[in-house]
Every structure is written in C-alpha cells, then in structure tokens.
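Architecture and fold: a report
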Amino acid sequence: MRRTTYYVFHSAMAPDLRGITSDPDGTMLSATDGPWTSERQIDPDEPWPLDVNQSVVEFGIGENGFYLLGPIPQHASSKPVIESDRVEGTAVFDLQGHRIGTIKRLLIEKVSGRVVYVDVTFGGFLGLGVHHHTIPWEKLTYDMGLHGYRTDITEEQVRGAPAFYGEDEVWPGKKREQEMWDYWRDWPR
C-alpha cells in the first residue's frame, strides 16, 4: 500500500499534459508549462488509476519533484532547475537564430535569490575586445533546438545597452543600475 497522496494537475498551456506531484498546491510543477489546475487527488488506499506505472511516477517525483504525463511541449524541461555553471557559456540567439552573444554570468538578486539579469559577452578574439552587456533574464527563453537561449532583443539593442559592469568592476553604483533599468524598461525603441 502507498503511503503518499499524489495530486494530478492539468496544464492550461498543453491540454493533454498532466503533472503529478506529492505537493497539494502543485508548486513543484514546471512553471514553463503552467498555469496548472488541480484535477484530482490519488489517496494512498485507492487503486492506482493512471495508465503509467506507479514506480515510474514515484521515481520522477523523487528526482524532479514532479512527473509529466502526456505530450510534452518542446520547451518543457525534465528538470525544474538548472545549475548556474550550465547556463554560463551558453549561446544567445536572436529571433532569426543568429548567435548574438554568450552568457558570461547570471546576476542574482541577493535577498530573493531570483535571477534578474544576464551578463552577455560578444565580440573579441582570445579574450581581447570582448564586450559585456547586461540584459534582463526575463527576455531569454531556452530553445531546445538551438541548445541556447533565444531573445527578441537584437544585437544592436544589446550593443546600445549600458554595460552593467566589466571584468574590473563587480557591481555598479545606483546611478548606473538605474540607467540600465530605464534602458530596458523603455523598450521598444
């Protein structure tokens, strides 16, 4: 007999996609595929009602905090998080699929722990002539086909953005931070 209650949710983005978790609120489910709506609860004493092996579901929940059942959209990830060192060095592409830069580092808000900006580098050869520009993290979407991040920001927009910092400067003053915030908030230009 199972000792865990499972919760089944369905995705508003993909009607045939179900998310199964032991979290009654569904907060462990992939945000990319949400919003999620509660569909049913599977109590420990009831027979297993799903057409997927219970052990497979339990393994997925143990690994990721959830299990996705049904056709998974291309953007879906089997993991709800990614390590920062796997993001650093990843290519950034424009909407036409042209590489415009590479992610150098993530800028994380200290108190909330939320990624706010990405330091994108482009240009240069063997480290010489490399330019750093910072763009909002929310402007990037992972593209599984390109194995990189896609953005609607053009290379010209990135080059026109204020540099948040460079190799010799770790954190700018409030004035520089405000300039960057104003630049990206005012788009489209």
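What counts and what doesn't
Residues numbered from 1 in each chain as written. Predicted model: local features only at pLDDT ≥ 70, side-chain atom pairs only at ≥ 80, totals over all residues. Heavy atoms only, no water. Phe/Tyr/Trp six-rings, centres within 6.5 Å; stacked < 30°, edge-to-face > 60°. Helix = DSSP H or I, 4+ residues; strand = E, 2+ residues; numbered from the N terminus. Buried < 20%, exposed > 50% of the residue type's maximum accessible area, 1.4 Å probe, protein only. Contact = heavy atoms within 4.5 Å. Core = buried A, V, L, I, M, F, W, Y, C linked by side-chain atoms within 4.5 Å. Pairing = 2+ DSSP bridges. Axes fitted to C-alpha atoms, helices over the stretch in contact; angles between N-to-C directions.

1. Brief notes about the packing of aromatic side chains
Two descriptors summarise a pair of aromatic rings, namely the distance from one centre to the other and the angle between the planes of the rings. Evaluated as defined, the whole model comprises three aromatic pairs. Measuring from centroid to centroid gives 5.9 Å for Y6 and W48, while their planes differ by 90°, and the two rings are edge-to-face. Of this pair, Y6 sits in strand β1 (residues 6-11) while W48 sits in the loop between β3 (36-42) and α1 (54-64), and the two are 42 residues apart along the sequence. Assessed through its relative accessible area of 6%, Y6 is described here as buried. Plain terms: the ring middles of Y142 and Y149 are 5.1 Å apart, the flat faces sit at 75° to each other, and that makes the pair edge-to-face. Look at Y149 and you get buried, because its relative accessible area is 7%. One aromatic cluster in this structure is built from W137, Y142 and Y149.

2. Brief notes about the environment of L17
Summarising the element assignment, L17 is placed in the loop between β1 and β2 (18-21). On a C-alpha basis, the gap between L17 and P71 in space is 5.9 Å, while along the polypeptide they are 54 residues apart.

3. Let's talk about the environment of D16
Secondary-structure assignment places D16 in the loop between β1 and β2. Look at D16 and you get exposed, because its relative accessible area is 57%. On a C-alpha basis, the gap between D16 and L69 in space is 8.3 Å, while along the polypeptide they are 53 residues apart. Setting aside its immediate chain neighbours within four residues, D16 contacts L69, G70 and P71.

4. A short note on the nonpolar core
Soluble, globular proteins show a tendency: their nonpolar side chains are buried together. Judged by nonpolar contacts, the single largest core of 19 residues is most densely connected at V92, I103, L106, V118, I135, L140 and W184. Contributions of two or more residues to this core are made by β6 (99-108), β7 (115-122) and α4 (174-185). Setting aside its immediate chain neighbours within four residues, W184 contacts T134, I135, P136, I153, Q157, V158 and A161. Formed by 10 residues, the second largest nonpolar core is a distinct cluster that contains Y6, V8, V57 and Y67.

5. Considering the pairing of β2
Sheet analysis places β1 next to β2, joined by four bridges and oriented antiparallel. Across the sheet, Y7 pairs through a bridge with T21, a residue of β2. Here β1 hands over to β2 after six residues, the two strands then running antiparallel side by side. Bridge count between β2 and strand β4 (residues 67-69): three bridges; the pairing is antiparallel. Considered in β4, the bridge of R18 is made with L69.

6. Things to note about the environment of H133
Mapped onto the fold, H133 is located in strand β8 (residues 131-136). For the pair H133 and D119, spaced 14 residues apart in sequence, the C-alpha separation works out to 5.7 Å.

7. Here we look at the sheet that holds β2
On the basis of which strands lie adjacent, the open sheet formed by four strands has the order β3-β1-β2-β4 and antiparallel pairing. The open sheet has two free edges, formed respectively by β3 and β4, since each of these has just one partner strand. Averaged over all pairs of adjacent strands, the angle between strand axes in this sheet comes to 30°, irrespective of strand direction. In this sheet, β3 lies alongside β1 in antiparallel orientation, the contact comprising six bridges.

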